[in-house]
Amino acid sequence: MKDFWRFPLGILGALLASTVSANPPDSLKTRAYIDHAWATLTRSMEDCSALRDSKLATRPVLYLPAELPRPAQLDGIRRRCHVDVRVLPQVIGQLGDLSPLKLPVQGLLYLPHPYVVPGGFFNEMYGWDSYFIVLGLIADHHDTLARGMVDNALFEVQHYGAVLNANRSYYLTRSQPPFLSSMIRAVLDDPASFRDPAAARAWLAHAYPLAVRDHATWLRRKHRAGDTGLARYYGYGGASPVLEMHNSDYLRGVIDWLLAHRAADRGYLVKASEHPGSAEAERLRITSCDVRASKVCAGAWSKGYRLSADYYLGDRAMRESGFDTTFRMGPFGGSTHHYAPVDLNGLLYRYERDLHDFATRLGRKADAAHWADVAAARRTAINKYLWRPDRGMYMDYDFVAGKPSDYAFVTTFYPLWAGVASKAQAAALESRLGLFERKGGLQMSDHVSGAQWDAPFGWAPTNWLAVDGLNHYGFHADARRIARKFTATIDRSLAADGTIREKYNMVSANADVRITAGYKANVIGFGWTNAVYLKLRQLLDASPSAVMLHRQPRP
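Residues numbered from 1 in each chain as written. Predicted model: local features only at pLDDT ≥ 70, side-chain atom pairs only at ≥ 80, totals over all residues. Heavy atoms only, no water.

### Digging into the sheet that holds strand S3 (residues 84-87)
An order of S3-S2-S4 is seen for the three strands of this open sheet, with the pairing classed as parallel. In the strand order of this sheet, the two ends are held by S3 and strand S4 (108-109), each with one partner. Where strand S2 (residues 61-64) meets S3, four bridges bridge the pair, whose relative direction is parallel. The residue bridging tyrosine 63 from the neighbouring strand is arginine 86, located in S3. (Pairing = 2+ DSSP bridges. Helix = DSSP H or I, 4+ residues; strand = E, 2+ residues; numbered from the N terminus.)

See below:
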């Protein structure tokens, strides 16, 4: 039976499907799947399978930071895994310092510790996935693996400039939603992670300045949302298709959708030739993308049109947001860089409060006072630009157009998790649960766009953050109800086909996910779903009297 669980999860799901499809949902079977999945999803530099990239059909390449002494074990890995080990051409101080276009071939970025991947074709350590995975690993008593993942994130900041979208060279231009301080806090709060308080303090003394450096990513000029005092998502690769996109199919699909929905076009369509001459190609380098430098750009044409340079900037920002794809900030997220998002700024507020607490713990009084001031300023800006008293919700703000969005999105609950909301704001948000709550849990939005991060679909991370936030503000019945719905959806889906998925249909409360716009797969694995299931079960298994507020809401 032990060897049975070493099958890839896709094969495992198919094998289990024939035996469990007629069985009722069973939380014990879900736990068994998760317990064995951790090993299946764990990668390290010594694991040849970790080096392969299903997104690119090239020989595996492993890149080392320019300033890192060559680890002794790499020669053996190079021979055994037939991997080309190279050194990055320069030291990286921040995102965008090194353009991946300067590298002769794209590859895996070295990390020193084992890590858990999401699953399916996601075969690297992802930024925001890792926070939820760390919570699940700690809940399942895999403390060493959890701490190693946080140390990997700190290694990324030290050697690659920030917590990356994932540890591939083509991600050197963008981060992901900023959860590093919360990852640090999760490990610090885990008694099994350190032998004694002195060891925990020494680790925090190493982690704190790296967390400050990672946070600085979001204060850079290009990450500022105009003069609002808030932040935006932004990718540093320029106006061009992302390098991990190996063909133009997705972009042609965007063009075709826009042509069929002309009223929704925000200026993304650019009239152009399929095979432009030199003069038109030079014009397109400014107005669209460089057809001479990128085969994907050259192929991104349909029915007389290409996509604008501004769309490509928005596409990169959308991918940094983690919400790829939603229509929340324009069709296919093409205007993401025009918005101050609720989620990003809520996360940064929590980050700043964490930095305050870390500085206090380390005895850095001036630092602590600074972070308290920074967090207070962000909270003021959030209330000014993102709180909608007329809607009783936090909503994104289009700082380019100078107006708030009317697109209801489940990230409206992030300020509960972050501790931004007042008691009155929290009560207003609780009354808006009906916009999102369905049979299977919380759906992403009130818009059916056909994209995976919109209605009727729901995801583990956003369900957890909303549940955790509601619970911390005293809405225990709501939190437990949604937790029961979402865990039941996972149990039901596992009983139906033997798998745990990256997302679910909240209306039908199962894995019947049919996408018509953007990425259509429903990947099997799945790291953060496994983790959130464990956290939700912890909440449900706790006695009502044990449900305590460990973060006080702000007045």
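### A few points about the sheet that holds strand S12 (residues 403-404)
Strand order in this open sheet of three strands is S8-S11-S12, and the pairing throughout is antiparallel. In this open sheet, the two strands that pair with only one neighbour each are strand S8 (339-340) and S12. The pairing of S8 with strand S11 (residues 397-398) spans two bridges and is classified as antiparallel. Bridged to alanine 340 within S11 is tyrosine 397.

### Quick word on the packing of helix H2 (residues 27-41) against helix H19 (residues 527-541)
Packing of H2 against H19 leaves a shortest axis separation of 10 Å and a crossing angle of 135 degrees. By the angle between their axes, H2 is oblique relative to H19. As for the relative orientation of H2 and H19, their crossing is left-handed in sense. Counting all contacts with H2, which are made through Ser27, Thr30, Arg31, Tyr33, Ile34, Ala37, Trp38 and Leu41, the residues of H19 involved are Gly527, Asn530, Ala531, Tyr533 and Leu534. The class makeup of the residues in the contact of H2 with H19 is eight nonpolar, four polar and one charged. (Axes fitted to C-alpha atoms, helices over the stretch in contact; angles between N-to-C directions. Parallel < 35°, antiparallel > 145°, perpendicular 65-115°, else oblique. Left-handed = near helix turned anticlockwise from the far one by under 90°. Contact = heavy atoms within 4.5 Å. Nonpolar A, V, L, I, M, F, W, Y, C, P; charged D, E, K, R; others polar.)

### Considering unusual backbone geometry
The step from aspartate 324 to threonine 325 runs through a cis peptide bond, and the omega angle for that step is 20 degrees. Positive phi outside glycine occurs at histidine 82, with the angle close to 55 degrees. Relative to the elements of secondary structure, histidine 82 occurs in the loop between helix H4 (74-81) and S3. In this structure, lysine 303 is a non-glycine residue whose phi angle is positive, near 55 degrees. Judged by relative accessible area, which is 60%, lysine 303 ranks as exposed. (Buried < 20%, exposed > 50% of the residue type's maximum accessible area, 1.4 Å probe, protein only.)

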